[in-house]
Amino acid sequence: MSLIRLRTELESLARTRGAALIGVADLRKIRTDDFILPRNTLDRLPYAITLAVRLAREILDALPDHPDLLYEHHYRQVNFTLDRIALDITIWLQHNDYRALPVPASQIVDWQNQRAHLSHKRIAIEAGLGWLGRNNLLVTPEYGAQVRLVTILTDLELEPGTPLNRNCGECRNCISVCPAGAIREKPEDFDHQACFEKLREFQCQHFVHQFICGLCVRACPGSRD
Ligand code: SF4
Ligand code: SF4
């Protein structure tokens, strides 16, 4: 099958399963030394398919001033959906005689240093899905930060996307809503520790069972309702 045909089938499969955004990044163009995957695996599978599933606006809009069980359930279901799409694409790639490795949508391997198998966000930015926002999340033009991500590594030679030459511009919607004061003017000044402490506090207060928040996600809807 031609590469064009494979790409068309891939995108159709992903969209049918619920992906809102699809892109491809070449791992050789980004920093990967902090990824918790074997070097030879990354070398063997240099193409990263990145997929985004959109969060439900109504769930976010119903949030009080902290995360709640409705959001937690939704967050988990979106992650399950992402993992399911990644598995379906892996099965399809292998059926077409390509290698594929689906990386879990939400799995921190090293909590101490906040490291996962790889950075879905870094890959999505390289693929051109969006930019790094002031809230330290991927911000997409279409849906703002109201998406979650998954990645499939493969040896299928897909044409990579191009990073967007954009940033948050004049928007500062998320800064005032952050209860931790973690969001600053520049994305590189984001206070990871303050954010994490607030997520831990939310969990200790028994609002939710996971380290989640959602408040700066709600503040960042993108341009398409
Ligand atoms: S997740 Fe919550 S605490 Fe962390 S930056 Fe966003 S609003 Fe602030
Ligand atoms: S709410 Fe505005 S400033 Fe904050 S991340 Fe989104 S686009 Fe950037």
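Since the model is a prediction, treat every value here as computed from it, not as a measurement.

Student: Please explain the overall build of the protein as it appears in this structure.
Tutor: Along the backbone of the protein there are seven helices and eight strands. Radius of gyration (C-alpha) of the protein: 17 Å, near the 17 Å computed for a compact globule of 225 residues. Projected onto its principal axes, the C-alpha positions of the protein cover 50 × 35 × 35 Å. Residue burial in the protein is summarised as follows: out of 225 residues, 47% are buried. When contacts within the protein are restricted to residue pairs at least 6 apart in sequence, long-range pairs at least 24 apart make up 73% of them. For the protein, the exposed area adds up to about 11,500 Å²; of that, 50% sits on carbon and sulfur atoms. Between the averaged position of the 27 positive side-chain charges in the protein and that of its 28 negative side-chain charges there is a distance of 1 Å.

Student: What is the right way to look at the nonpolar core in this model?
Tutor: Most often, soluble globular proteins keep nonpolar side chains buried together rather than apart. Counting residues in hydrophobic clusters, the biggest one holds 36 residues, and the most contacted among them are Ile49, Leu51, Tyr71, Ile89, Leu93 and Ile152. Elements with a minimum of two residues in this core: α1 (3-17), β1 (21-26), β2 (47-54), α3 (57-61), α4 (69-95), β8 (147-154), α6 (192-204) and α7 (215-218). Residue contributions to this core peak at nine residues, all from α4. Among all residues touching tyrosine 71, those that are not within four sequence positions of it are Ile59, Leu60, Leu63, Ile212, Cys213, Gly214 and Val217. Ala20, Ala48, Leu138 and Leu153 belong to the second largest nonpolar core, which has 22 residues in total.

Student: Honestly, the site of ligand 1 in this entry has me stumped. Any pointers?
Tutor: The local shell around ligand 1 consists of Cys178, Pro179, Ala180, Ile183, Phe190, Cys195, Lys198, Cys213, Leu215 and Cys216. Elements represented by at least two residues in the shell around ligand 1 include exactly α6 and α7. Residues of the shell around ligand 1, tallied by class, amount to nine nonpolar, no polar and one charged.

Student: Where do I start with the site of ligand 2 in this structure?
Tutor: Surveying the vicinity of ligand 2 reveals the residues Gly133, Arg134, Asn135, Val139, Cys168, Cys171, Arg172, Asn173, Cys174, Ala219 and Cys220. When its residues are assigned to classes, the shell around ligand 2 shows six nonpolar, three polar and two charged.

Student: Where do I start with the packing of aromatic side chains in this structure?
Tutor: Two aromatic rings, taken as a pair, are described by how far apart their centres are and by the angle between their planes. Applying the stated criterion to the full structure yields three aromatic pairs. A cation over a ring is seen here: lysine 198 above phenylalanine 202, with NZ or CZ 5.8 Å from the ring centre.

Student: Is there a simple way to think about the environment of leucine 70 in this case?
Tutor: Within the element layout of this structure, leucine 70 appears in helix α4. By relative accessible area, which is 46% here, leucine 70 ends up partly exposed. If we ignore the near neighbours within four places in the chain, the residues touching leucine 70 are Ile59 and Ala62.

Calculation notes
- Every chain's residues receive numbers from 1 upward, in the order its sequence appears when written.
- Chains and ligands are labelled by the order in which they are written, letters from A for the one and numbers from 1 for the other.
- Whole-chain, interface and lining totals are the exception, using all residues; otherwise, since this is a predicted model, local features are given only for residues with pLDDT of at least 70 and side-chain atom pairs are given and counted only at 80 or more.
- To get the side-chain values, all heavy atoms of the structure are used, and hydrogens and water are removed first.
- Helix and strand definitions here come from DSSP, where helices need a minimum of 4 consecutive H or I residues and strands a minimum of 2 consecutive E residues; each element is numbered from the N-terminal end.
- With the radius of gyration taken over C-alpha atoms, the globule rule is written as 2.2 Å times the number of residues to the power 0.38.
- A simple rule labels every residue: compare its accessible area, found with a 1.4 Å probe on the protein chains alone, to the largest value its type can have, and call it buried under 20%, exposed over 50%, or partly exposed in between.
- The contact criterion used is simple: two residues touch if any of their non-hydrogen atoms lie within 4.5 Å.
- With residues, only the protein chains shown are counted as cover, and all accessible areas are computed by Shrake-Rupley using a 1.4 Å probe.
- Asp and Glu count as negative and Lys and Arg as positive, but His and the ends of the chain are not part of the count.
- The location of each charge is read from NZ of Lys, CZ of Arg, CG of Asp or CD of Glu.
- By nonpolar core we mean a set of buried residues, namely Ala, Val, Leu, Ile, Met, Phe, Trp, Tyr and Cys, connected to one another through side-chain atoms within 4.5 Å.
- Only heavy atoms are used to decide nearness, and a residue is near a molecule or strand if one of them lies within 4 Å of it.
- Classification convention: Asp, Glu, Lys, Arg as charged; Ala, Val, Leu, Ile, Met, Phe, Trp, Tyr, Cys, Pro as nonpolar; all other residues, Gly among them, as polar.
- Stacked, edge-to-face and tilted labels apply to pairs of Phe, Tyr and Trp rings (six-membered ring for Trp) whose centres lie within 6.5 Å, assigned for plane angles under 30 degrees, over 60, and everything in between, in that order.
- Geometrically, a lysine NZ or arginine CZ counts as sitting over a ring once it is within 6 Å of the ring centre and also within 35 degrees of the ring normal.

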